[in-house]
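Geometric and topological summary
Residue strings, one per chain:
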Amino acid sequence: MSVVLLSTVSEVRNRLQQVHAQGASIALVPTMGALHGGHQALIRHAAMENDFVVVSDFVNPTQFGPNEDFARYPRDLQHDQQRAAEAGAHLLFLPSVEEIYPTLSTTFQVDVGRLGTLLCGASRPGHFNGVATVVLKLLEIVQPERVYFGQKDFQQARIIEQMIAAFFLPVQMVVCPTVREVDGLALSSRNRYLNGEERVAATALYRSLLQLQSLLIAGERDPRQLSRHIETFLGEDERLRVEYVALVDPFTLEEVQQITAPFLCAMAVHIGNTRLIDNMLFSPHGEILPPDRFFQGTDLQ
Ligand code: AMP
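Residues numbered from 1 in each chain as written. Predicted model: local features only at pLDDT ≥ 70, side-chain atom pairs only at ≥ 80, totals over all residues. Heavy atoms only, no water.

1. Some thoughts on the nonpolar core
Core analysis: the largest hydrophobic core is formed by 54 residues, its most contacted members being Leu-16, Val-54, Phe-93 and Met-173. Per-element tally for this core: the top contributor is helix H6 (residues 127-142), with nine residues. No fewer than three residues from each of domain 1 (4-179) and domain 2 (189-289) sit in this core. Setting aside chain neighbours within four positions, we find Val-54 in contact with Leu-16, Ile-26, Ala-27, Leu-28, Val-29, Leu-91, Phe-93 and Val-142. Counting 27 residues, the second-largest nonpolar core is a separate cluster that includes Ala-204, Leu-226, Leu-234 and Ile-259. (Core = buried A, V, L, I, M, F, W, Y, C linked by side-chain atoms within 4.5 Å. Buried < 20%, exposed > 50% of the residue type's maximum accessible area, 1.4 Å probe, protein only. Helix = DSSP H or I, 4+ residues; strand = E, 2+ residues; numbered from the N terminus. Domains from an automatic or database assignment. Contact = heavy atoms within 4.5 Å.)

2. Here we look at the pairing of strand S8 (residues 263-271)
Burial runs high along S8: nine of the nine residues are buried. Where burial is concerned, the two faces of S8 agree: the one with Phe-263, Cys-265, Met-267, Val-269 and Ile-271 and the one with Leu-264, Ala-266, Ala-268 and His-270 are both buried. As paired strands, strand S7 (residues 240-248) and S8 are joined by eight bridges and run antiparallel to one another. Note on S8: the bridge partner recorded for Leu-247 is Cys-265. (Pairing = 2+ DSSP bridges.)

3. Topic: the packing of aromatic side chains
Here a ring pair, both rings aromatic, is described through the centre-centre distance and the interplanar angle of the planes. Applying the stated criterion to the full structure yields six aromatic pairs. Relative to Phe-294, the ring of Phe-251 has its centre 5.8 Å away and its plane inclined at 35 degrees; by these criteria the two rings are tilted. Residue Phe-251 is located in the loop between S7 and S8, and its partner Phe-294 is located in the segment after strand S10 (288-289); the two are separated by 43 residues in the primary sequence. Residue class for Phe-294 comes out buried when judged on its relative accessible area of 3%. (Phe/Tyr/Trp six-rings, centres within 6.5 Å; stacked < 30°, edge-to-face > 60°.)

That's the geometry; what it means functionally is another story.
Below is the structure:
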């Protein structure tokens, strides 16, 4: 199947007006491109549940800090077009920065509040405001029935869910499980930065989450002990630098003091110049839980 490429808001709106007029349901899958199997799983899921799938492919400058990888973030249009088509996308929206942020409008931002200061937000100030802003713009442009996100960016999904609830946006959000390589590494566009040795070391994130599961099964319930164990496990490889490991409430993202209910273990780890994130949802007994029942669009405030 072929996918139509469009780069302006007015082209997308015109095309979607026709789609809408035919009574077709529209899905949006927001991405920053460099499409991989994780993105394709979202696109496939969207294509199963909707008649018409729009994939946005936009490296959003407002979610990168001054010393982050905006300039070197992988961009590969031909590859993306092929991957998107293969997975069943109908329209690939490839706007320029000027198209999404026309004159002066960069001054308008969504402020996501405390949720944007926790976990990854602690080291990436303003990141989630940038993410929420671009997603709001994309939702307004496409006006989909459903929008698809991956569990891999759990904090992002929680923040978007809360934005949808806060602004009464008429869209249903779907969160799909993290897609992994056979050795457990979560698929990510940033995995391309890893050299051979770093790629091997990167499996430690997944292995540390399985380690956590074993500890839970063995009966350990103290969140401080558990996170200490994980940090020690990751610290055994000197190529890794742990930014954070946190056991948090999956709804509020605040650290848990005791483990009596399902929780999220989330982490960010640096390997060389690459920052990787991962997470899993666990029951107190160590069962690994899927993301869907944790996203129902309830307002936390
Ligand atoms: P990105 O292009 O990295 O901004 O990701 C676009 C969307 O794909 C986000 O909703 C991500 O959570 C999702 N995604 C990225 N990697 C994965 C993965 N390994 N499995 C599932 N979803 C993913």
